[in-house]
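Each chain is listed here by its residues.
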Amino acid sequence: MMRPGAQQYVVARPLYSEESFAEEHEKVYRQRKTMLDHFVQLGCCCLKRAKNAALSLLPIIGWIKIYKLKEWLFSDIVSGISTGLVAVLQGLAYCLLASLPPWYGLFSAFFPVVIYFFLGTSRHISVGPFPVLCLMIGSVVTRIVPDEGPPLNITGFEGLTSDEQRVLVASSVTFLVGIMQLAMGILQVGFVVMYLSDTLVSGFTTAAAIHILVSQLKFVLGLQVPGLSGPFSLIYTLEIIFNKITSTNVCDVVISLVILVVVFIVKEINERFKSKLPVPIPIEVIMTVIACGVSYAFDFKKRYGIEVVGYESPMAPNLPIFQETAVEAFPMAIVGFAVAFSVAKVYSVKHDYTIDGNQELIAFGVSNIFGASFKSFAASTALSRSAVQESTGGKTQVAGLISALIVMIVTLAIGFLLEPLPKSVLGAVVIVNLKSMLMQVREIPYLWRRDKPDCVVWLATCVAAVLLGLDLGLAAGLGVELLSVVLRVQFAFSCLFTLILSLMSMIDKDEESYRAMQPNMFGDCGCLCPTCLQIYEPDGVMIFRIPSPLFFANIEFFRSKLLEALGFNPLRVLRKRNKALRRIRRLLKKGCLQWTSEGFLNTSFGPIADSKEEENIKELDLPTDFKDLPARINWNAELPANIVVPRVDIHSLVLDFAAVSFLDISALKGLKTVLKELIRIEVMVYIVACDPYVLQKLHDCCFFDDEVQSSMFFLTLHDAMLHILEKHPEATERKADFGKVTNCLF
């Protein structure tokens, strides 16, 4: 029964197969541009193309024209100052992750921001050091210039101190990262970040947060721990820390604990009362200034042996050789861009403007190339810093430019005042800012309940990145993610639910709707009762839905599950029938059988022995031939001479191709083989909702012949069902047997 207030619709149109629809409606072909047309269009120059090119390469032209000076400038100034103070502190702190002198972090918070101001398409992200990227740079730096032992033999290291060598390595990696990002942007391959799913990025950043936490323990505890890189470096680092735990500097621990507690509490206050506070309390900056003053007043460096930041002026750039860092630079380029693009996309949706992924690649590429020339390291965006810029009212990248000016003032004018700042303070600040990344572990129960393959990707990426390092971990996570996609397509849902793969048609008499038969399907009364559902299925008809593309890896799986749903193997049935025909012909020839109006009559008084003649398997696979028999044989009726052939109760099979977006040559051959086997045992096959691209490919590949014809394709499932019921009026409808129903999702 219809529920009260339900709307109805009535459609009256002819029954269409693909052939009849194509005959009645002329297909409109869109003219496609050739490669030559693209080159000609690329080479032509006009005022409009020049204007579009300028707007594309310099997005600042687009938004500066609509800049509301009176409404936006003050908000951008407030946001810029707040973000600049945070950028100064994070620049110093995150530099420790890169195993570099802290002051070089300020360069990364200044030079890339200036370039992004002109080239970037996002108006709200704060460009600068990103902890995960800093850690990846640090692994390269410590591999080439280790804390203990000589550095690698690289040209350009002569006459340089250890810190200068490390800065040289970091700037070279950054320069190479910038070149890769710029090249990807020019080649319009920004789509590569689509392969980094949110699940993979979440697992990867969680692992990176664990690495960062371990790397900062040496500063928090005041220990001398060499920087390690490579597989299992985290475990080796923890081992060294535990061995040296008795040498912990108590003053460093006390300072770190105080900073951790105070900063954590104030950050929670900022989060809870963010709607009431005009700007977040810059607690990191406040605590840094206080710690710096206390350290200077009590001379922590001499009295307690605390390691402090120190200060040095910027140095002229010196480009290194890229050969040793090329492999590590590529994942840095991808991760840096992926994180920045993800954050930019969130803010672009929130504030209703568009961003261009390829232009973002160009912007970050040029920013990193320019910054590397001034000894900065790879830049991306820090989530917390971008949140500060947006939440304090930032409207455009004018706020970013002002934050860069704040960093420049600190670097050139008052930076020396931070010289007595204990590194344990920076370590504590870094650890506090890891909260959001570490809390991503709460996603595991949700993913396990909702999507187990995604949960496996998360866990595999996180564990691999923790144990093998961030670069190898990212590669391993990407491999697991792609493998999960292949397995989902190859085995579809059966690999998840271990359900028998069959999809039976269910026709509601009143509404003529088709649904998957499932044991958990409920009627209007909330119970599983055929009376409420009024579900019937035509006798001898089966509908099998294929919810994935068909290709070489899953065609055999498709075949096996289709046969499982049918309940018989059509090739075996065909061979049994051909064997039976041979035997019937022999018996007729010998006179042991006679044809009467009532069927075959056994004229032999004794038992009929089986023939032991050799059988030609190839002949058994051919279509059944009744031309020399007096009549066609009803294979579902009782056969003479104790001949037994498997019973086939299905006369029509409908394959729903709605989800088949493509098929390759292997799948095409496998599909044709299955169709021929079914047609030869008198099971008519109908394919519905086939994509025009797939249908055209079938024509181009000479898929159709005398047996497999294009007339089997219908526009919709209902068209095919009406055709079947018209062709088989004897297919009386019977109520579905819920006791035999199994859920099928291919």
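Analysis parameters
Residues numbered from 1 in each chain as written. Predicted model: local features only at pLDDT ≥ 70, side-chain atom pairs only at ≥ 80, totals over all residues. Heavy atoms only, no water. Buried < 20%, exposed > 50% of the residue type's maximum accessible area, 1.4 Å probe, protein only. Helix = DSSP H or I, 4+ residues; strand = E, 2+ residues; numbered from the N terminus. Arc of directions from axis to C-beta. pLDDT = per-residue confidence, 0-100. Contact = heavy atoms within 4.5 Å. Pairing = 2+ DSSP bridges. Axes fitted to C-alpha atoms, helices over the stretch in contact; angles between N-to-C directions. Left-handed = near helix turned anticlockwise from the far one by under 90°. Parallel < 35°, antiparallel > 145°, perpendicular 65-115°, else oblique. Nonpolar A, V, L, I, M, F, W, Y, C, P; charged D, E, K, R; others polar. Patch = residues over 30% accessible without salt bridge, like charges linked within 9 Å, V, L, I, M, F, W, Y side chains within 5 Å. Areas by Shrake-Rupley, 256 points an atom, 1.4 Å probe, with all protein chains shown as cover. Salt bridge = Lys/Arg side-chain N within 4 Å of Asp/Glu carboxyl O.

Attention shifts here to helix 30 (residues 692–700). Along helix 30, the residues that are buried comprise Val694, Leu695 and Leu698. For helix 30, the buried positions fall inside an angular range of 100° around the axis, keeping them on one side. In helix 30, those exposed residues whose orientation departs by more than 90 degrees from the buried face are Pro692 and Asp700. Residue cysteine 702 follows helix 30 closely and has a positive phi angle near 55°.

With that settled, the discussion passes to the confidence of the model for the chain. Taken as a whole, the chain shows an average pLDDT of 78; of its residues, 80% reach a score of 70 or greater. Of the regions scoring below 50 in pLDDT, residues 308–317 engages in 33 contacts with residues more than four places distant in sequence or in other chains.

The next point concerns the sheet that holds strand 9 (residues 684–688). In spatial order, the strands read 5-8-9-10; together these 4 strands make up an open sheet with parallel pairing. On the outer flanks of this sheet lie strand 5 (541–545) and strand 10 (713–714), each paired with one strand and no other. Against the sheet, helix 31 (residues 717–727) engages strand 5, strand 8 (652–656), strand 9 and strand 10, with an angle of about 155° to strand 9.

Okay, the pairing of strand 5 next. Taken across its 5 residues, strand 5 has 4 buried, putting it largely inside the fold. Judged from the 5 bridges that link them, strand 5 and strand 8 form a sheet pairing that is parallel. Looking at the pairing, methionine 542 lines up with leucine 653 of strand 8.

Attention now goes to the packing of helix 7 (residues 111–119) against helix 16 (residues 357–372). In the contact formed by helix 7 and helix 16, the axes pass within 8 Å of each other and the chain directions differ by 150°. Here the hand of the crossing between helix 7 and helix 16 comes out right-handed. Across the interface between the two elements, Phe111, Pro112, Ile115, Tyr116 and Leu119 of helix 7 pack against Gln359, Glu360, Ala363, Phe364, Val366, Ser367, Phe370 and Gly371 of helix 16.

Closest axis-to-axis distance for the helix 9 (residues 162–186)/helix 16 pair is 7 Å, and the angle between their directions is 155°. In terms of their interaxial angle, helix 9 and helix 16 are classed as roughly antiparallel. Considering the relative orientation of helix 9 and helix 16, their crossing is left-handed. On helix 16, the residues touching Ser171, Thr174, Phe175, Val177, Gly178, Ile179, Gln181, Leu182, Met184, Gly185 and Ile186 of helix 9 are Asn358, Leu361, Ile362, Phe364, Gly365, Val366, Asn368, Ile369 and Ala372. Tallied by class, residues from the contact of helix 9 with helix 16 come to 12 nonpolar, 8 polar and no charged.

Attention shifts here to a nonpolar patch on the surface. Residues Val261, Phe264, Ile265, Ile269, Phe273, Ile281, Ile286, Ile290 and Val294 make up a contiguous nonpolar surface patch of roughly 710 Å² in combined accessible area. For the nonpolar patch, the elements supplying multiple residues, two or more each, are helix 12 (250–272) and helix 13 (283–298). Looking at the element boundaries, phenylalanine 264 is found in helix 12.

Turning to unusual backbone geometry, a few remarks are in order. Non-glycine residue glutamine 188 carries a positive phi angle of around 60°. With respect to the helices and strands, the residue glutamine 188 is situated in the loop between helix 9 and helix 10 (198–221). Positive phi outside glycine occurs at alanine 689, with the angle close to 55°. Within the secondary structure layout, alanine 689 lies in the loop between strand 9 and helix 30. Given a relative accessible area of 26%, alanine 689 falls into the partly exposed group.

Relative to the helices and strands, alanine 363 resides in helix 16. Overall, alanine 363 belongs to the buried group, its relative accessible area being 0%. Leave out the neighbours within four places in its chain, and alanine 363 touches Ile115, Tyr116, Leu119 and Gly120.

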